[in-house]
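# Coordinates in review
Residues per chain are reported as follows:
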Amino acid sequence: MSAETAVKAFKSLESQDFRILQVIEAAMAKHEFVPKEVIIKYSKFNMEEATFRLEKLQKFRLIRQTKQPYLGYALNYSGYDCLAINAFLKAEIVEAFGKPLGVGKEADVYDALTPKGERIAIKFHRLGRISFRQTMRKRGYTTERTSWLLQSRKAAEKEYEALKLVYPKGVAVPKPISQNRHAIAMGAIEGAELAEWKEVSQPEKVLKEILRNIRKTYLKAEIIHADLSEYNIILKPDNHILIIDWPQYVTKNHPNAQQLLRRDVENIITFFKRKHLLEAKTDRAIAYVAGKGKISTIF
Ligand SMILES: Nc1ncnc2c1ncn2[C@@H]1O[C@H](COP(=O)(O)OP(=O)(O)O)[C@@H](O)[C@H]1O
Ligand SMILES: [Mg+2]
């Protein structure tokens, strides 16, 4: 179910195939599996054309079929990926796809090129990927299934929103470029998750840079990342950092804002203590990011 399936199938798709995918997408708001007659009605294809297209899309695993209690079709993640890819190509945000950059818990990130030849990253959100089979097993036939589509789109919208709030304030994040369905286009970054680095040079400096960025996010953009850890911080080859993975952000006036801010800071401080033997004072660090203290007092 990685974005690879969509990127490979995409080249073989024609406009008629996209029409079918779009019809299924729209009708999935109402139907868990969209009846074949509904697909025929809204696509305006005849039976023969519709059957040919549906079989093709199914062969590429972009849709799946049910025969009971009626003949119907539902979008797979790969079909949804294709619709987002098509939108990015049409909007001239992307010209070509490259290789996978990272398959995370809840997303697939892909490398792409813009028409101007710049490298960017496309993140496809994949919510409910883990619980999908469990949900199916427990509930059998339900409408639960369609919600992954909506959930993933919501996550992408929210992450894009966060990037647009913090990027202009100078927080170190990938540059937001565009969003469509469950996908966001952003600047490509080089480096690896902080957790992956065996050795970090000048860890004290790196920790301070992270705290400065948390502070800027809180004081200037007035939001909190709320899922911060060594896995969502990229350390670049130049020893500077970037904060990624923002769909869970909350605003400063969220009822749990203070706890979430504390947890973000604690996660980072604990990591540096465990892995890099840095003794930073958590309370001072929290005061600093909230604008109530100096960074020079945290060690
Ligand atoms: N803009 C980007 N450029 C390059 N690689 C990225 C970018 N964003 C994410 N990645 C890679 O994809 C991985 C997963 O991304 P992340 O946003 O953390 O999603 P998840 O929800 O799956 O954790 C990251 O750890 C990183 O390796
Ligand atoms: Mg992540």
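Residues numbered from 1 in each chain as written. Chains lettered and ligands numbered in written order. Predicted model: local features only at pLDDT ≥ 70, side-chain atom pairs only at ≥ 80, totals over all residues. Heavy atoms only, no water.

### As for the nonpolar core
Membership of the largest hydrophobic core comes to 48 residues, with the highest contact counts inside it found for Leu-21, Ile-24, Leu-75, Phe-97 and Ile-122. Here the element with the most residues in this core is helix H5 (residues 77–90); it accounts for seven residues. Beyond its immediate chain neighbours, meaning those up to four positions away, Ile-24 contacts Val-34, Ile-39, Leu-54, Ile-63, Tyr-73, Ala-74 and Leu-75. (Core = buried A, V, L, I, M, F, W, Y, C linked by side-chain atoms within 4.5 Å. Buried < 20%, exposed > 50% of the residue type's maximum accessible area, 1.4 Å probe, protein only. Helix = DSSP H or I, 4+ residues; strand = E, 2+ residues; numbered from the N terminus. Contact = heavy atoms within 4.5 Å.)

### Regarding unusual backbone geometry
Cis rather than trans, the peptide bond between Gln-68 and Pro-69 has omega equal to -5°. The phi dihedral of Glu-92 falls on the positive side, at around 55°, and the residue is not glycine. When you line up the elements, Glu-92 lands in the loop between H5 and strand S4 (96–103). Although it is not a glycine, Ala-226 sits at a positive phi angle of roughly 75°. Tracing the chain through its elements places Ala-226 in the loop between strand S10 (223–224) and strand S11 (233–235). Taking the relative accessible area as the measure of exposure, Ala-226 reaches 5% and is therefore buried.

### Some points on helix H10 (residues 282–289)
Of the residues making up H10, those classed as buried are Ala-285, Ile-286, Tyr-288 and Val-289. Taken around the axis of H10, the buried residues stretch over an arc of 160°, which confines them to a single face. For H10, the secondary structure elements touched by its buried residues are helix H8 (203–219) and helix H9 (257–276). Within two residues after H10, Gly-291 carries a phi angle of roughly 85°, on the positive side. (Arc of directions from axis to C-beta.)

### Quick word on the sheet that holds strand S9 (residues 192–193)
Read across the open sheet, the three strands follow the order S9-S11-S12; overall the sheet is antiparallel. Both edges of this open sheet fall to S9 and strand S12 (241–243), since each of them pairs with a single strand only. In the packing of H8 onto the sheet, the strands contacted are S11 and S12, and the crossing angle to S12 comes to about 35°. (Pairing = 2+ DSSP bridges. Axes fitted to C-alpha atoms, helices over the stretch in contact; angles between N-to-C directions.)

### Notes on the domain arrangement of the protein
As far as domains go, the protein holds domain 1 (3–186) and domain 2 (192–297). Computed over C-alpha atoms only, the centres of domain 1 and domain 2 are separated by 32 Å. Contact residues are listed per partner, giving 16 residues for domain 1 and 15 residues for domain 2. Contact between domain 1 and domain 2 buries roughly 1,300 Å² in total, counting both sides, with carbon and sulfur atoms accounting for 65%. Where domain 1 packs against domain 2, one counts one salt bridge. Residues Asp-245 and Lys-123 are paired through a salt bridge, measuring 2.9 Å at the closest nitrogen-oxygen approach. Our count for the domain 1 to domain 2 interface comes out at nine residue pairs in polar contact (both at pLDDT 80 or more). Listing elements by their share of the side of domain 1 that touches domain 2, those giving two or more residues are strand S6 (119–125) and helix H7 (147–166). At eight residues, the largest contribution of residues to the side of domain 1 that touches domain 2 is made by H7. Looking at the side of domain 1 that touches domain 2 residue by residue, the class counts come to nine nonpolar, two polar and five charged. (Domains from an automatic or database assignment. Buried area = accessible area lost by both parts, 1.4 Å probe. Salt bridge = Lys/Arg side-chain N within 4 Å of Asp/Glu carboxyl O. Polar contact = N/O pair within 3.5 Å; in protein donor to acceptor, adjacent residues only side chain to side chain. Nonpolar A, V, L, I, M, F, W, Y, C, P; charged D, E, K, R; others polar.)

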